[in-house]
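# Descriptive structure summary
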Amino acid sequence: MLQPAAIDGLAFARSAGVLKGRLGMESLPRLAQSGCSGSVVDFVLTGEINERGKPGLRLAVDGSVRLQCQRCLGNLDLSLRLEARLELAASEAEILAADDDMERVVAGREMRVAALVEDEVLLALPMVPKHEQCSAAAGLGADTKPSAFQALATLKKRSLSGG
Ligand SMILES: [Zn+2]
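Let me begin by describing the structure that accompanies this report. (Residues numbered from 1 in each chain as written. Predicted model: local features only at pLDDT ≥ 70, side-chain atom pairs only at ≥ 80, totals over all residues.)

### Thoughts on the sheet that holds strand β6 (residues 103–106)
Strand order in the open sheet formed by five strands is β2-β3-β4-β5-β6, with mixed pairing between adjacent strands. Edge positions in the open sheet fall to β2 (18–24) and β6, since each of these has one partner strand only. Between one strand and the next, the sheet's axes are offset by a mean angle of 30°, whatever the strand orientation. Inspection of the sheet shows strand β3 (residues 38–49) paired to strand β4 (residues 55–68) by 12 bridges, in the antiparallel sense. Bridge pairing in β4 places G38 opposite R66. The strands touched by helix α4 (residues 113–124) are β2, β3, β4 and β5 (75–89); relative to β4, the strand with the most contacts, the crossing angle is about 60°. (Pairing = 2+ DSSP bridges. Helix = DSSP H or I, 4+ residues; strand = E, 2+ residues; numbered from the N terminus. Axes fitted to C-alpha atoms, helices over the stretch in contact; angles between N-to-C directions. Contact = placed C-beta atoms within 7 Å.)

What follows is the structure in structure tokens.
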């Protein structure tokens with residue numbers, strides 16, 4: 001299934017376009033640069049005229065990314081689900097002049113869909129990725145050595161008492 005790689009932002013918004021797709025790491029180079037070693041994300045991009053009468057985009061992303069835990073340096077698989085709304089601005093100046101919380105992007109005739117998705121995914125990533133329950137945080141180290149030592153200790157005790 002071929003997807004258009006880019007949309008004409010204003011036309012897409014005005015026609016309430018809908019675009020669905022799936023992106024892998026090969027389409028998300030900046031994610032790779034930020035330390036992500038694997039990712040598959042499904043997205044739905046929808047064009048709209050928002051309640052302020054401005055053209056905009058809605059983006060829903062559902063997927064997972066593989067990061068490195070900054071405590072134990074092990075793999076950290078993070079599921080990702082986000083929804084974003086972007087208002088299309090006519091220029092960079094319009095974005096700078098705006099003083100509300102609305103997220104804006106300059107409308108283009110060829111807005112790369114993968115880049116739009118990647119922007120939102122990057123924003124959603126934790127600054128310092130960590131396991132919620134990290135083995136390193138529990139004082140056990142990143143591997144299983146302590147339990148191996150424990151097993152050895154148990155073995156010694158047994159041989160002492162048994163022999
Ligand atoms: Zn960890």
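Structure's up, so let's keep going.
### Examining the environment of I95
Turning to its location among the elements, I95 is positioned in helix α3 (residues 92–97). Looking at I95, the number of C-beta atoms within 10 Å reads 15, which means it is partly exposed. For the pair I95 and V106, spaced 11 residues apart in the sequence, the C-alpha separation amounts to 7.7 Å. Contact partners of I95, with chain neighbours within four places excluded, come to A89, R104 and V106. (Buried ≥ 20, exposed ≤ 12 C-beta atoms within 10 Å, placed from the backbone.)

### Examining the pairing of β4
What sits between the antiparallel neighbours β3 and β4 is a turn of five residues, in which G53 has the positive phi angle 80°. Note that β4 and β5 share 13 bridges and pair antiparallel. Bridging from a neighbouring strand, D62 pairs with R81 of β5. Counting the residues between successive antiparallel strands, the hairpin from β4 to β5 contains six residues, one of them, L73, with a positive phi of roughly 65°.

### A word on unusual backbone geometry
Glycine aside, residues mostly have negative phi, and peptide bonds are mostly found in the trans state. Although it is not a glycine, A16 sits at a positive phi angle of roughly 50°. Structurally, A16 can be placed in the loop between α1 (9–14) and β2. Although it is not a glycine, L73 adopts a positive phi angle of roughly 65°.

### Here we look at the nonpolar core
Residues F43, L59 and V117 are the most contacted members of the largest nonpolar core, which totals 26 residues. Elements supplying a minimum of two residues to this core: α1, β3, β4, β5 and α4. Sequence-distant contacts of F43, that is, excluding residues within four places in its chain, are made with G21, L23, L59, A60, V61 and V117. (Core = buried A, V, L, I, M, F, W, Y, C linked by C-beta atoms within 7 Å.)

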